[in-house]
Amino acid sequence: MNKLYIGNLNENVTAEDLVKTFEDYKIPYSGQFLMKTGYAFVDCPDDQWAMKAIETFSGKVELHGKRIEVEHSVPKKHRTRKLQIRNIPPHLQWEVLDGLLAQYGTVENCEQVNTESETAVVNVTYGTREHARQAIQKLNGYQFENNALRVSYIPDENSEVDSQRGPDNGRRPGYGPRGNRQMSPGSGIPSKHQHADIPLRLLVPTQYVGAIIGKEGATIRNITKQTQSKIDVHRKENAGAAEKPISIHSTPEGCSSACRMILEIMNQEAKDTKTADEVPLKVLAHNNFVGRLIGKEGRNLKKVEQDTDTKITISPLQDLTLYNPERTITVKGSIEACCLAEQEIMKKVREAYDNDIAAMNQQTHLIPGLNLGAIGLFPPSSAMPPPSLGNSVPGPPYGPMGAAEQETVHVYIPAQAVGALIGKKGQHIKQLSRFAGASIKIAPAEAPDSKMRMVIVTGPPEAQFKAQGRIYGKLKEENFFGPKEEVKLETHIKVAAAAAGRVIGKGGKTVNELQNLTAAEVVVPREQTPDEHDQVIVKIIGHFYASQLAQRKIRDILTQVKQQQKGGMGGQQGPHPQVVTEPGSPQGLAQEPRRK
């Protein structure tokens, strides 16, 4: 992606003019400028310099009275589904950007690009060429908070394969957006090292970066060799910042060994230069994993502090933006204590990642074709997990004629959070609805002093996953749950009264198995009278993944009941049952309904 197209040129512009312009701004190029009437082409040494040229020149530099436009040069046959969007406000929340992108079609992939610019850059893959074409027409020049978006095609290395198999066939679901889909070269098989590549991310003072790298890179080469690690020092990120990130790719043991060596170098440098008495260890972790690191009422974090004799603090949620999805975990103590704490912290982070993969694969299995990656649940530096083998191609469609079946779920949120969910002039809930492809409505309060409000979400399975995931995330972002508290919500789904017994199972067996499998609390309230549609409520209480898994399993049971009824296995239905609780049943869960 290092060939550039230079457009909007005055007819009097010459190759010499462009040479001087590039040299004035110290942008290297290779070969000669290929001049055409009104435009030109040139090669840059690599992708980074190409991006630098785009950021420096496009729409900012004038030649002979016209502002030149610079973008990636993409042959027409490669102008498929991939776009690059630049000049995005850096504080923008993902969900706002997602809502905007989703207006023009299905977004398969959206990943952030590291640049030196003050604004954010993302690469977007749309579901079809037509969606990408519409997006580039509508979004190029779009004013977003006083920033005019710049949109251009970028080469799609899979374009020829895509064109052979058609616009929508043969794509793997479940790969994602703010993380790269890492594949073996020339292969459709995920790399064997995907799972291991959860890097240890450190934040180090800029003044010590030179010591970590060493003369001509000798020190960092030594660390890499001794610890069998790949270490990236991101010196170009956040120009002028007081701290720089370092990514360490290795086994857990290799990461910890490299961390120790880096910490020792920084402390020695601080002592030699007399700049600090000690240098704390700062670990970066994606926000999605931090809640589980902290634990309920902060218990996990307190235990790490006690076991390692350290003091640990975590940066506030308010610091999270589109440009910065990571929290900073600061560890203070001796070098030995900090290293022990790093091992415990990363152990929790990796466990959270493993659990998310397990839940994600369950979702992919239960919702064929579900693009879980589109929700941004995984950090950009980690490899997205592969889909389960049974889902290498999209699964069978839902319902008749391939239409996804509409589901309605009632999600209960704190009454105080309603304003945040709706947003200014209803902007947030509209964007969320567009992004998820679901209808989202706030039900009126049941009483003036109601502490909870019901959010009615209607849409197919993938829309439910997206919408509910964003609702959970919004409540956390807006601090309606404490920094050391995991978001757990109550959701209700309605089931046919005649099928309630199947959800409960004989002696409560099914519902207990559901709880054990999903880690959610599943309750069929006793003595329910079916509503006018002959339905009763099933309550699900838990964190996001637990709730989603329980919902899918219950829907699966209901589908089996419907299939049996259609096949004539259901028999004649008697009077509508009332659901009652068997005395002594575990956790007060409802048992098989009795007929009066």
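Preceding this section is the structure that the text describes.
Residues numbered from 1 in each chain as written. Predicted model: local features only at pLDDT ≥ 70, side-chain atom pairs only at ≥ 80, totals over all residues. Heavy atoms only, no water.

Help me understand the overall build of the protein chain, please; the structure alone is not making it clear to me.
Helix and strand counts for the protein chain come out as 17 helices and 24 strands. Burial analysis of the protein chain (596 residues in total) assigns 49% to the buried set. Within the protein chain, residue pairs in contact and separated by at least 24 positions form 69% of the contacts whose partners lie at least 6 positions apart. Summed over its atoms, the accessible surface of the protein chain is roughly 29200 Å², and 49% of this surface lies on carbon and sulfur atoms. (Helix = DSSP H or I, 4+ residues; strand = E, 2+ residues; numbered from the N terminus. Buried < 20%, exposed > 50% of the residue type's maximum accessible area, 1.4 Å probe, protein only. Contact = heavy atoms within 4.5 Å. Areas by Shrake-Rupley, 256 points an atom, 1.4 Å probe, with all protein chains shown as cover.)

What's the story with the state of the cysteines in this structure? I'm lost.
In a disulfide, the sulfur atoms of two cysteines are covalently bonded to one another. Taken as a whole and assessed by the stated rule, the structure comprises zero disulfides. Left without a disulfide partner, Cys338 is nearest to the cysteine sulfur of Cys339, which lies 6.9 Å away. Cys338 gets classed as buried once you look at its relative accessible area, which sits at 1%. (Disulfide = S-S within 2.5 Å.)

For this particular structure, what's the right way to read the pairing of strand β19 (residues 407–414)?
The two faces of a sheet get side chains in turn, since along a regular strand they alternate between them. Burial within β19 is extensive, with seven of its eight residues counted as buried. In this structure, β19 lies alongside strand β21 (residues 452–459), joined through eight bridges in antiparallel fashion. In the sheet register, Thr408 faces β21, and the bridge partner there is Thr458. Pairing between β19 and strand β22 (residues 489–496): three bridges, direction antiparallel. Considered in β22, the bridge of His410 is made with His492. (Pairing = 2+ DSSP bridges.)

How should I be thinking about unusual backbone geometry in this particular structure?
Leave glycine aside and you will find that most residues have negative phi; peptide bonds, for their part, are mostly trans. A positive phi angle, near 55°, is found at Lys26, a position not held by glycine. Secondary-structure assignment places Lys26 in the loop between α1 (15–24) and β2 (30–36). With a relative accessible area of 67%, Lys26 lands in the exposed category. In this model, Lys425 sits at a positive phi of 55°, which is unusual for a non-glycine residue. Along the chain, the position of Lys425 falls in the loop between α12 (418–422) and α13 (427–436). Residue classification places Lys425 among the exposed positions, given a relative accessible area of 74%.

Hey, could you run me through the nonpolar core in this one?
With 46 residues, the main nonpolar core has Ile413, Val455, Ile471, Leu489, Val538 and Ile554 as its most contacted residues. Ranked by residue count, the leading element in this core is helix α17 (residues 544–566), at eight residues. Once residues lying within four places of it in the same chain are set aside, the contact partners of Ile413 are Val418, Leu421, Lys451, Met452, Arg453, Val455, Ile471, Leu475 and Leu489. (Core = buried A, V, L, I, M, F, W, Y, C linked by side-chain atoms within 4.5 Å.)

Can you walk me through the sheet that holds strand β17 (residues 311–314) in this structure?
Two pairing modes exist for strands in a sheet, parallel and antiparallel, and in both the strands are linked by backbone hydrogen bonds. Taken together, the six strands give an open sheet; going across it, the order is β14-β15-β13-β16-β18-β17, and neighbouring strands pair in antiparallel fashion. This sheet does not close on itself; its edge strands, each paired only once, are β14 (230–233) and β17. The mean angle between the axes of side-by-side strands here comes to 25°, regardless of whether they run parallel or antiparallel. Across the sheet, helix α9 (residues 287–294) is in contact with β16 (281–286), β17 and β18 (326–332); its angle to β16 comes to roughly 115°. (Axes fitted to C-alpha atoms, helices over the stretch in contact; angles between N-to-C directions.)

What am I meant to see in the packing of helix α16 (residues 509–518) against α17 here?
Each pair of packed helices gets described by two things: the angle between the helix axes and the distance between those axes. Two numbers describe how α16 lies on α17: the axes approach to 9 Å, and their chain directions differ by 145°. The element α16 and its partner α17 pack so that their crossing is right-handed. Between α16 and α17, the residues in contact are Thr510, Leu514, Leu517 and Thr518 and Ala546, Leu549, Ala550, Lys553, Ile554 and Ile557, respectively. (Left-handed = near helix turned anticlockwise from the far one by under 90°.)

Just checking my understanding: could you explain the sheet that holds strand β6 (residues 69–72) for this structure?
Strand order in the open sheet made by the four strands is β2-β3-β1-β6, with antiparallel pairing throughout. Each end of this open sheet is capped by a strand with a single partner; those strands are β2 and β6. In this sheet, neighbouring strand axes are inclined to one another by 20° on average, regardless of whether the strands run parallel or antiparallel. Pairing of strand β1 (residues 3–7) with strand β3 (residues 39–43), which is carried by four bridges, proceeds in the antiparallel orientation. The residue of β3 that forms the bridge with Lys3 is Asp43. The strands touched by helix α2 (residues 47–57) within the sheet are β1 and β6, with β6 carrying the most contacts at an inclination of about 155°.

Which parts of the structure should I look at to understand the pattern of salt bridges?
Where charged atoms from two side chains of opposite charge come close, those side chains can pair. Taken as a whole and assessed by the stated rule, the structure comprises 13 salt bridges. Of the charged contacts in the structure, one is a salt bridge between Glu69 and Arg150, with a shortest N-O distance of 3.5 Å. Taken as a pair, Glu69 in strand β6 and Arg150 in strand β12 (residues 150–153) lie far apart in primary sequence, 81 residues in all. On the basis of relative accessible area, Glu69 is assigned to the partly exposed category, the value being 26%. Owing to a relative accessible area of 26%, Arg150 belongs among the partly exposed residues under this scheme. Connected through salt bridges with shared partners, the residues Glu407, Arg552 and Arg555 form a single ionic network. (Salt bridge = Lys/Arg side-chain N within 4 Å of Asp/Glu carboxyl O.)

Whenever I open this one, the packing of aromatic side chains confuses me. Can you help?
To describe a pair of aromatic rings, one takes the distance between the centres and the angle between the planes. Inspection of every chain in the model, using the stated rule, returns eleven aromatic pairs. An angle of 50° between the planes, with centres 4.8 Å apart, marks the rings of Tyr29 and Phe33 as tilted. Members of the aromatic cluster, joined through ring pairs, are Phe22, Tyr25, Tyr29, Phe33 and Phe57. (Phe/Tyr/Trp six-rings, centres within 6.5 Å; stacked < 30°, edge-to-face > 60°.)

So what exactly am I meant to see when it comes to the pairing of β18 here?
Counted residue by residue, β18 has six buried out of seven residues, so it is predominantly covered. One ladder, built from six bridges, connects β16 with β18; its direction is antiparallel. For Leu281, the partnering residue across the bridge sits in β18 and is Val331.

So what exactly am I meant to see when it comes to the side chain of Ser547 here?
Its location among the elements puts Ser547 in helix α17. Not counting chain neighbours up to four residues away, the residues in contact with Ser547 comprise Gln468, Tyr472, Thr491, Ala520, Ile540 and Gly542.

Help me out: how do you make sense of the side chain of His492 in this one?
Mapped onto the secondary structure, His492 falls in strand β22. Among the polar contacts made by the side chain of His492, one reaches the side chain of Glu490 at a distance of 2.6 Å. (Polar contact = N/O pair within 3.5 Å; in protein donor to acceptor, adjacent residues only side chain to side chain.)

When you look at helix α7 (residues 218–227) in this model, what are you seeing that I'm missing?
Three- or four-residue spacings in an α-helix give side chains the same orientation, since the helix completes a turn every 3.6 residues. Listed in full, the buried residues belonging to α7 are Ile220, Ile223 and Thr227. Here the buried residues of α7 occupy an arc of 55° about the axis, which is enough to place them on one side. Projecting away from the buried face of α7 at angles above 90 degrees are the exposed residues Arg221, Lys225 and Gln226. On its buried side, α7 packs onto α6 (209–213), β14 and α8 (252–273). With its phi angle positive at about 55°, Gln228 sits one or two positions after the end of α7. (Arc of directions from axis to C-beta.)

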